[in-house]
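# Architecture and fold: a report
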Amino acid sequence: MLLFGLVQILMSQIPNFHNMAWLSLVAAIMSFAYSTIGLGLGLAKVIVNGEVMGSIGGVPAASAVDKVWLVFQGLGDIAFAYPYSIILLEIQDTLKPPSETKTMKKASRSAILITTLFYLCCGSFGYAAFGNNTPGNLLTGFGFYEPYWLVDLANACVILHLVGGYQVFSQPMFALVETWFSDRYPDSHFVNGFYQLKLPLLTAFQLNPFRLCFRTLYVVSTTGLAMLFPYFNQVLGVLGALNFWPLVVYFPVEMYFVQRKIAPWSRKWVALKTFSFGCFLVSAVGFIGSLEGLIMAKLS
C-alpha cells in the first residue's frame, strides 16, 4: 500500500486531464484484460465443478436483519460500478465541437452496455463457480489459485488499472481545488508560480509548489485512510452510494428539466422525479448498509 501511495504521488504531478490520455487508455486496457481473465476463470471453474454452485437466495446470513444489511451493502457496490459521471464533463471537454455531443452519447451508451455486460457475467459466473464461498474480489480475494501465471497476470492488470483509475478520478478534485485557490490568491507565487525542474535522463518540466504540496497531501491522506479501512467491498459500497444519486441521477435530471423546459407536474416531470426519488432511496440504503458493514468489519 505504501508503494502504491508513492507511485501515486509521482503520477499525481501530471498537470491535468488533457495530459493523461495515455494513462486512461492503459487503465482501460488493463480493466478489460483482468475482467476477461476473471470471466474466463469463472466459466472454467463452473465447467470443472460440473454444477452451478450457490442458490437463488444468495449468501445466507445469521438473521433476517443481517441479510438486509448485506443486500443494502450489495446495492452500494452496484452503485459504485457506474462512477463515470464524475469525469464525464472532463472527458467531453477534451473533444472538439461540433461532434462532441454525438460522440459522448455514443461513448456513454457503449460504456454502460459493455460495463453492465462484464459486471453481470463476472458476478454471475463467479458466484456460480464458488457459491456461498465467493470472495469479494475473485482475483485478489484468493478465489483462484491456478493457473498461477494467469492469476498473477490478472492481478498485475488490477494494480495497473488502479494506478490509472486513481489518477483519472482524482483529476477533477485537483482541478477544482487548484482553480479555487488560483482565483482566491492570484498574486501568490506559491499558488500560481511555476519553476522549471530538470532531472537526469528526463525532459524538463514545470513544477508548481502548491500543486506538489496539495496533491502529495491528498495522496498521503487517501493512502492512510485505505490502510486504516482495508475492507474492499464495504469501502466501495460507501463511495458508490455517496456518488450515485447526486452525480449519476439528480444533477443530470435537473439539467434536463432546465434544458428541455419540462413543465412541472407534467407526465415526464413526474416520471423523472419518481425515478430520481427511487434512486435516492437506493443510494440511502446502500450507504447505510455499507457503513454498517464497514463499522462491523473494523470492530470485529
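Look above for the structure.
Quantities reported herein were computed from a predicted structural model and do not represent experimental measurements.

Cut-offs used in this document
- Residues numbered from 1 in each chain as written.
- Predicted model: local features only at pLDDT ≥ 70, side-chain atom pairs only at ≥ 80, totals over all residues.
- Heavy atoms only, no water.
- Axes fitted to C-alpha atoms, helices over the stretch in contact; angles between N-to-C directions.
- Helix = DSSP H or I, 4+ residues; strand = E, 2+ residues; numbered from the N terminus.
- Parallel < 35°, antiparallel > 145°, perpendicular 65-115°, else oblique.
- Left-handed = near helix turned anticlockwise from the far one by under 90°.
- Contact = heavy atoms within 4.5 Å.
- Nonpolar A, V, L, I, M, F, W, Y, C, P; charged D, E, K, R; others polar.
- Expected span 1.5 Å × (residues − 1).
- Buried < 20%, exposed > 50% of the residue type's maximum accessible area, 1.4 Å probe, protein only.
- Salt bridge = Lys/Arg side-chain N within 4 Å of Asp/Glu carboxyl O.

## Focus: the packing of helix α3 (residues 64-80) against helix α10 (residues 267-299)
Their axes nearest at 7 Å, the elements α3 and α10 cross at an angle of 115°. Regarding the angle of α3 to α10, the classification is roughly perpendicular. Our pair here, α3 against α10, has a crossing hand that is left-handed. In contact with W69, F72, Q73, L75 and G76 of α3, α10 contributes V282, V285, G286, I288, G289, S290, E292 and G293. The residue inventory of the contact of α3 with α10, partitioned by class, reads six nonpolar, six polar and one charged.

## What to know about α10
For α10, spanning 33 residues, the distance from its first C-alpha to its last is 48 Å, which sits close to the expected 48 Å at 1.5 Å a residue. Listed as buried for α10 are W269, S276, C279, S283, G286, G289, S290, G293, L294 and A297. Each element contacted by the buried residues of α10 is listed here: α3 and α9 (232-260).

## Brief notes about the pattern of salt bridges
Following the criterion strictly, the structure yields two salt bridges and no others. A salt bridge links R215 to E178, with the nearest nitrogen and oxygen atoms 2.7 Å apart. Here E178 lies in helix α6 (residues 148-184) and R215 lies in helix α8 (residues 209-228), a separation of 37 residues in the sequence. Of the two residues, R215 and E178, both sit in the buried class. Residue E254 pairs with K273 through a salt bridge whose shortest N-O separation is 2.9 Å. Of this pair, E254 sits in helix α9 while K273 sits in helix α10, placing them 19 residues apart in sequence. Accessibility expressed as a relative area gives 22% for E254, which makes it partly exposed. Take K273: its relative accessible area is 30%, and that puts it in the partly exposed class.

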